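Chain by chain, the residues:
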Amino acid sequence: MNDADHKLLMQHDTELSDHERRINDLSDKMTDTLNRVDESNKYLREQNNRILEAVIKGNEKSESHKNEMETINRQNLWKVVTIAIGSSSVIYLILQQVIHMIH
């Protein structure tokens, strides 16, 4: 091996070392970037879970509120019916007494 071949071989070795260093740097950067993306995805998943839980709780509260309102409506209907029957009975009794007094 002559001196020119030796220099060329050393130059290639240096270039290969530079390429390996660049590849390692790129690999490290990619690893860091992927780690940040993983952390970001983890944060977003946690936020999505919180939002989903809030929506589910809201739906449950809405359903519970709806059921309570239906119960109150039924109770009020019975109160109105009872009051109507009671007041009509009182009016009937008053009219009957008035008619009885007139005769």
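Residues numbered from 1 in each chain as written. Predicted model: local features only at pLDDT ≥ 70, side-chain atom pairs only at ≥ 80, totals over all residues. Heavy atoms only, no water.

Asker: Give me the overall build of the chain: which residues, what numbers.
Answerer: Looking only at helices and strands, the chain has 1 helix and 0 strands in total. Here the chain has a C-alpha radius of gyration of 44 Å; the compact-globule value for 103 residues is 13 Å, and the former is much larger. Seen through its C-alpha atoms, the chain measures out along the principal axes to roughly 150 × 10 × 10 Å. Per-residue burial over the chain gives 0% buried out of 103 residues. Just so you have it, the chain exposes about 9700 Å², and 61% of that area is on carbon and sulfur atoms. Considering the chain, the positive charge centre built from 13 side chains and the negative charge centre built from 17 side chains are found 14 Å apart. (Helix = DSSP H or I, 4+ residues; strand = E, 2+ residues; numbered from the N terminus. Rg over C-alpha atoms; globule rule 2.2 N^0.38 Å. Buried < 20%, exposed > 50% of the residue type's maximum accessible area, 1.4 Å probe, protein only. Areas by Shrake-Rupley, 256 points an atom, 1.4 Å probe, with all protein chains shown as cover. Lys, Arg positive; Asp, Glu negative; His and termini not counted. Charge placed at Lys NZ, Arg CZ, Asp CG, Glu CD.)

Asker: Quick rundown of helix α1 (residues 3–102)? Include the residues and the values.
Answerer: Here α1 contains 100 residues, and its C-alpha end-to-end distance of 146 Å stays within 8% of the 148 Å for a straight helix at 1.5 Å per residue. Where α1 starts, the residue carrying a side-chain oxygen 3.3 Å from the main-chain nitrogen of A4 turns out to be N2. (Expected span 1.5 Å × (residues − 1). Polar contact = N/O pair within 3.5 Å; in protein donor to acceptor, adjacent residues only side chain to side chain.)

Asker: Describe a nonpolar patch on the surface, naming the residues involved and giving the relevant values.
Answerer: A cluster of nonpolar side chains, namely L77, W78, V81 and I85, defines an oily patch on the protein surface of about 430 Å² accessible area. Mapped onto the secondary structure, I85 falls in helix α1. (Patch = residues over 30% accessible without salt bridge, like charges linked within 9 Å, V, L, I, M, F, W, Y side chains within 5 Å. Salt bridge = Lys/Arg side-chain N within 4 Å of Asp/Glu carboxyl O.)

Asker: Describe the environment of I94, and please don't skip the residues or the numbers.
Answerer: With respect to the secondary-structure elements, I94 resides in helix α1. When the C-alpha atoms of I94 and T31 are compared, they prove to be 93 Å apart, with 63 residues separating the residues in sequence.

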